[in-house]
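Residue-level structure breakdown
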Amino acid sequence: MGTESSAAEIDLLRSQIPFQSDGELVLPPQDGGGVGLVLVDVSNGFCTVGAGNLAPAAPNKQIEKMVGDAARLARLFCDRSWPIFAFLDCHFPDKPEPPFPPHCIIGSGEENFVPALKWLESDPNVVIKRKHCIDGYISSIEKDGSSSFADWVAKHQIKTILVLGICTDICVLDFASSALAARNIGRLPPLQDVVVYSEGCATYDLPVEVAMDMKGAVAHPQDLMHHIGLYMAKGRGAKVVDWVVLEPSA
């Protein structure tokens, strides 16, 4: 992306399927206002250059921005002992996830946090769920029917989840959609709002001209699919914000 024609295509798409931003999410300085932070797959396998089949092949500004925002907000939440739930894609080598190539295989290092978030592994404020499928909400359902994610929401009496990570149109969208559906039928009390932070999300880039030369590949232009992911989340009932700010102390 980035050419004049690509910019024109993005503008055309946004004019045809626009959505209204919900502005900003303001976090109260004391108790966080019942907000929990959900990080989706901010791992080497999706974010660290050259780390694997689904990692960026070269530095990518959208992904770098997402990682930076994830690190900033994670630090803000942990410094205040506010709740964080982090999903990390994690697969067994003998259980493929079509249509995607092997990725985030256990023991490869791809399944771990990016360096900027590695400190979360030892932070007592963070619940880490290593998920074995695209949809983190489904992956959090245990064999006995309980849900580690629902338990986390209930334990901390979370009314709003702030969601960011990768990919906007795949794992982030699927999780947000499932969480909203569960909320609608009373499976996630006391959850009220699912908020997707647009600047804190990213997706991968596979331009049309590159995909055409790859057998079986499906084009995935980054900026277009990022917009579509946010549009779809909004259509499912999520709030989509462009900024997350901390309310000044009185």
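In the annotation of an unreviewed UniProt entry, the entry for the protein reads Isochorismatase-like domain-containing protein, and the organism field reads Urochloa decumbens. UniProt, in its Sequence similarities (unreviewed entry) section for the protein, records the words "Belongs to the isochorismatase family."

Below, the discussion takes up the packing of aromatic side chains. How two aromatic rings sit relative to each other is given by the distance of their centres and the angle of their planes. Inspection of the entire model under this criterion finds nine aromatic pairs. Relative to Phe 87, the ring of Phe 85 has its centre 5.0 Å away and its plane inclined at 55°; by these criteria the two rings are tilted. Phe 85 sits in the buried class, given a relative accessible area of 0%. Assessed through its relative accessible area of 1%, Phe 87 is described here as buried. For the pair Phe 87 and Phe 149, a centre-to-centre distance of 6.3 Å together with 35° between the ring planes defines the contact as tilted. A residue pair is termed long-range when its members are at least 10 positions apart, and Phe 87 in strand 3 (residues 84-89) and Phe 149 in helix 5 (residues 148-155) qualify at 62 residues. For the residue pair Phe 87 and Phe 149, the accessibility class agrees, reading buried in each case. What links up through ring pairs into an aromatic cluster is the set Phe 85, Phe 87, Tyr 137, Phe 149, Trp 152 and Phe 175. The side chain of Arg 75 reaches across the aromatic face of Trp 119, ending 3.7 Å from its centre. We note Arg 80 situated over the ring of Trp 82; from NZ or CZ to the ring centre the distance is 5.8 Å.

On to helix 3 (residues 61-79), then. Taking 1.5 Å of rise per residue, 19 residues should cover 27 Å, and helix 3 covers 27 Å from first to last C-alpha, within 8% of that figure. Listed in full, the buried residues belonging to helix 3 are Gln 62, Ile 63, Met 66, Val 67, Asp 69, Ala 70, Ala 71, Leu 73, Ala 74, Leu 76, Phe 77 and Cys 78.

As recorded in UniProt, the feature "domain: Isochorismatase-like" (unreviewed entry) lies at residues 37-205. A helix fraction of 29% and a strand fraction of 20% characterise residues 37-205, whose end C-alpha atoms lie 26 Å from each other.

What follows covers the nonpolar core. Counting residues in hydrophobic clusters, the biggest one holds 67 residues, and the most contacted among them are Val 38, Leu 39, Phe 149, Ile 161 and Leu 162. With sequence-adjacent residues up to four places away left out, Leu 162 is seen in contact with Leu 25, Val 35, Gly 36, Leu 37, Val 38, Leu 73, Val 195, Tyr 197 and Val 244.

So, on to the packing of helix 6 (residues 171-184) against helix 8 (residues 222-236). Packing of helix 6 against helix 8 brings their axes to within 9 Å, and their N-to-C directions diverge by 5°. When the interaxial angle is binned, helix 6 and helix 8 end up roughly parallel. Here Leu 173, Ser 177 and Leu 180 of helix 6 lie close against helix 8, whose contacting residues are Gly 229, Met 232, Ala 233 and Arg 236. Residues belonging to the contact of helix 6 with helix 8 are distributed by class as follows: four nonpolar, two polar and one charged.

Strand 2 (residues 35-40) sits mainly inside the fold: six of its six residues count as buried. The side-chain alternation of strand 2 yields two buried faces, one formed by Val 35, Leu 37 and Leu 39 and the other by Gly 36, Val 38 and Val 40. Two elements, strand 2 and strand 5 (residues 160-166), share six bridges in a ladder whose sense is parallel. Residue Val 40 lies in a different strand from strand 5, and its bridge partner there is Gly 165.

Before going further, it helps to examine the sheet that holds strand 3. In space, the six strands of this open sheet follow the order 4-3-2-5-6-7, with parallel pairing throughout. Edge strands, defined here as strands with exactly one partner in the open sheet, are strand 4 (126-131) and strand 7 (239-241). Recorded for the sheet is a direction-independent mean angle of 25° between the axes of neighbouring strands. In terms of strand pairing, strand 5 meets strand 6 (residues 193-202) through six bridges, oriented parallel. Directly across from Leu 162, in strand 6, lies its bridge partner Val 195.

So, about a nonpolar patch on the surface. A cluster of nonpolar side chains, namely Val 26, Trp 243 and Val 245, defines an oily patch on the protein surface of about 260 Å² accessible area. Within the element layout of this structure, Val 245 appears in strand 8 (residues 243-246). Taking relative accessible area as the criterion, Val 245 reaches 30% and is therefore assigned partly exposed.

Thresholds, definitions, all that
- Numbers given to residues run from 1 along each chain, matching the order in which its sequence is written.
- In keeping with the model being predicted, local features are shown solely for residues with a pLDDT of at least 70 and side-chain atom pairs are shown and tallied solely at 80 or more, while totals for entire chains, interfaces and linings include all residues.
- Excluding hydrogens and water, the side-chain figures rest on all heavy atoms present in the structure.
- UniProt positions are given in the numbering used here, feature names are shortened, and annotations may be inferred rather than shown by experiment.
- Here a pair means two rings of Phe, Tyr or Trp (six-membered ring of Trp) with centres within 6.5 Å. Their orientation is stacked below 30 degrees between planes, edge-to-face above 60, and tilted elsewhere.
- Each residue is placed in one exposure class: buried if its accessible area under a 1.4 Å probe, protein chains only, is under 20% of its type's maximum, exposed if it is over 50%, and partly exposed if it falls in between.
- Secondary structure elements are taken from DSSP: a helix is a run of H or I of four residues or more, a strand is a run of E of two residues or more, and numbering for both begins at the N terminus.
- A ring has a charge above it when a Lys NZ or an Arg CZ is no more than 6 Å from the ring centre and no more than 35 degrees off the ring normal.
- A helix's residues, less one, multiplied by 1.5 Å, set its expected span.
- Remark: nonpolar core denotes a set of buried residues (Ala, Val, Leu, Ile, Met, Phe, Trp, Tyr, Cys) joined through side-chain atoms within 4.5 Å.
- We call two residues contacting when some pair of their heavy atoms lies within 4.5 Å.
- A fitted line through C-alpha atoms represents every axis, and for helices the fit uses only the stretch in contact; the resulting angles, taken between N-to-C directions, go from 0 to 180 degrees.
- Angles are sorted into four bins: roughly parallel if under 35 degrees, roughly antiparallel if over 145, roughly perpendicular if 65 to 115, and oblique for all others.
- Throughout, the ten residues Ala, Val, Leu, Ile, Met, Phe, Trp, Tyr, Cys and Pro are labelled nonpolar, Asp, Glu, Lys and Arg are labelled charged, and all others, Gly among them, are labelled polar.
- Strand pairing is defined by DSSP finding a minimum of two bridges between the two strands.
- What goes into a patch is any residue over 30% in relative accessible area without a salt bridge, connected to like charges within 9 Å or, for nonpolar side chains (Val, Leu, Ile, Met, Phe, Trp, Tyr), within 5 Å.
- The Shrake-Rupley method, run with a 1.4 Å probe sphere, supplies the accessible areas, and residue values consider only the shown protein chains as cover.
- Each salt bridge in this description consists of a side-chain nitrogen of Lys or Arg and a carboxyl oxygen of Asp or Glu lying within 4 Å of one another.

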